[in-house]
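# Structure assessment
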Amino acid sequence: MPTALITGITGQDGAYLSQLLLKKGYRVVGLLRRSASADVIGERLRWLGILDDVELVDGNLTDLSSLIRVVETVKPDEIYNLAAQSFVAASWQQPLLTGNVTGIGAVNVLEAARIVQSNARFYQASSSEMYGLIQELIQNEKTPFYPRSPYAVAKLYAHWMTINYRESFGMHASSGILFNHESPLRGIEFVTRKVTDGVARIKLGLANELALGNLDATRDWGHARDYVRAMYLMLQQEKPDDYVVATGRTTSIRDLCRIAFSVAGLNYEDYVVTNPAFLRPAEVEVLLGDATKAKTVLGWEPETTLEGMIAEMVEADLARHSRYKNS
């Protein structure tokens, strides 16, 4: 039975990846950062019905000694580093924390693997935010990076260090440059979930409007369930490499709102307002990925459409708020 160690297991991607690996017969161990909210920290795993099927161990990306102990104990065949301070907007308020967790934290995991289990296959969750002020209309693995937030800068450091460990130490270390991927498990602070949650609240009479920032920013959105499959496929290859994972379709936040509100039979123009407080200091206006390499080498294809994903998210939020409203 192969063993996978996942940092960030309690997040959206960690939960879906755990579900995938369990179905494939893996022993799944997740790194858990202790906090005062430990009683609710496994909610995503519980939502998927797999909380009792994974092992959770204490550790922290900023503490190399804890990571070394975990790797020594778990002896993973595969390590997926998904943990990060992943909310872009917060990275301007907490740039040092973001650098320590998202950037240095990734290198701590790499170093623990190098010291203890150098034959383990390593996956780094890189991000399309690294492209930032885009240098090409469609972004692939060779497109130059131009990060526009502390989060993106930290991710870029982790990305290049993953490449450096691969080239310096011969480690099987791959990076997935994942474009935006969402699901009903997405955190409420992210714009897609903010929209679908807002739709549900308005539909149920719990809110009258939805305040957003730049409605004209466009993103390449896919479903997290599809994207974790690409992560798994990367670590099954004979040679490590870096891959863009994207749908090849870009959609504005305005059109996202139109789709989401229409699921509930509403017109977004009646409820959506803009609030300058939600504008970023340096905006990334457009992201559009070219996943040709992932499709060709990995045999990966996205299976869920944007419309299907948004409908799934709206319906999940309607169910959540209906339970709260009636309890």
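Residues numbered from 1 in each chain as written. Predicted model: local features only at pLDDT ≥ 70, side-chain atom pairs only at ≥ 80, totals over all residues. Heavy atoms only, no water.

### Notes on the packing of aromatic side chains
Counted only if it meets this: Pairing of aromatic rings covers Phe, Tyr and Trp, the last through its six-membered ring, and needs centres within 6.5 Å; plane angles under 30 degrees mean stacked, over 60 mean edge-to-face, and all others mean tilted. In this text, helices come from DSSP runs of H or I with a minimum length of four residues, and strands from runs of E with a minimum of two, each type numbered from the N-terminal end. The buried label applies to any residue whose accessible area, calculated with a 1.4 Å probe on protein chains only, is under 20% of its type's maximum; exposed applies above 50%, and partly exposed to all values in between. Whether a charge sits over a ring comes down to the Lys NZ or Arg CZ being within 6 Å of the ring centre and within 35 degrees of the ring normal.
The tally for this structure, following the rule as stated, stands at 7 aromatic pairs. Ring geometry for Tyr80 versus Tyr123: centroids 6.1 Å apart, planes at 45°, classification tilted. Of this pair, Tyr80 sits in strand 4 (residues 78-81) while Tyr123 sits in strand 5 (residues 121-127); the two residues are 43 residues apart in sequence, bridging distant segments of the chain. There is no split in this pair, since Tyr80 and Tyr123 are both buried. Here the aromatic rings of Tyr227 and Trp300 are separated by 5.6 Å at their centres, their planes lie at 85°, and the arrangement is edge-to-face. With Tyr227 in helix 8 (residues 224-234) and Trp300 in the loop between helix 10 (292-298) and helix 11 (306-326), this residue pair connects regions lying 73 residues apart in the sequence. The exposure class of Trp300 is buried, given its relative accessible area of 0%. Aromatic ring contacts, followed pair by pair, group Tyr131, Phe145 and Phe179 into a single cluster. For the cation-ring pair, Arg114 lies above Phe169, with the distance from its terminal atom to the ring centre recorded as 5.0 Å. Positioned above the aromatic ring of Tyr243, the side-chain terminus of Lys293 is 5.1 Å from the ring centre.

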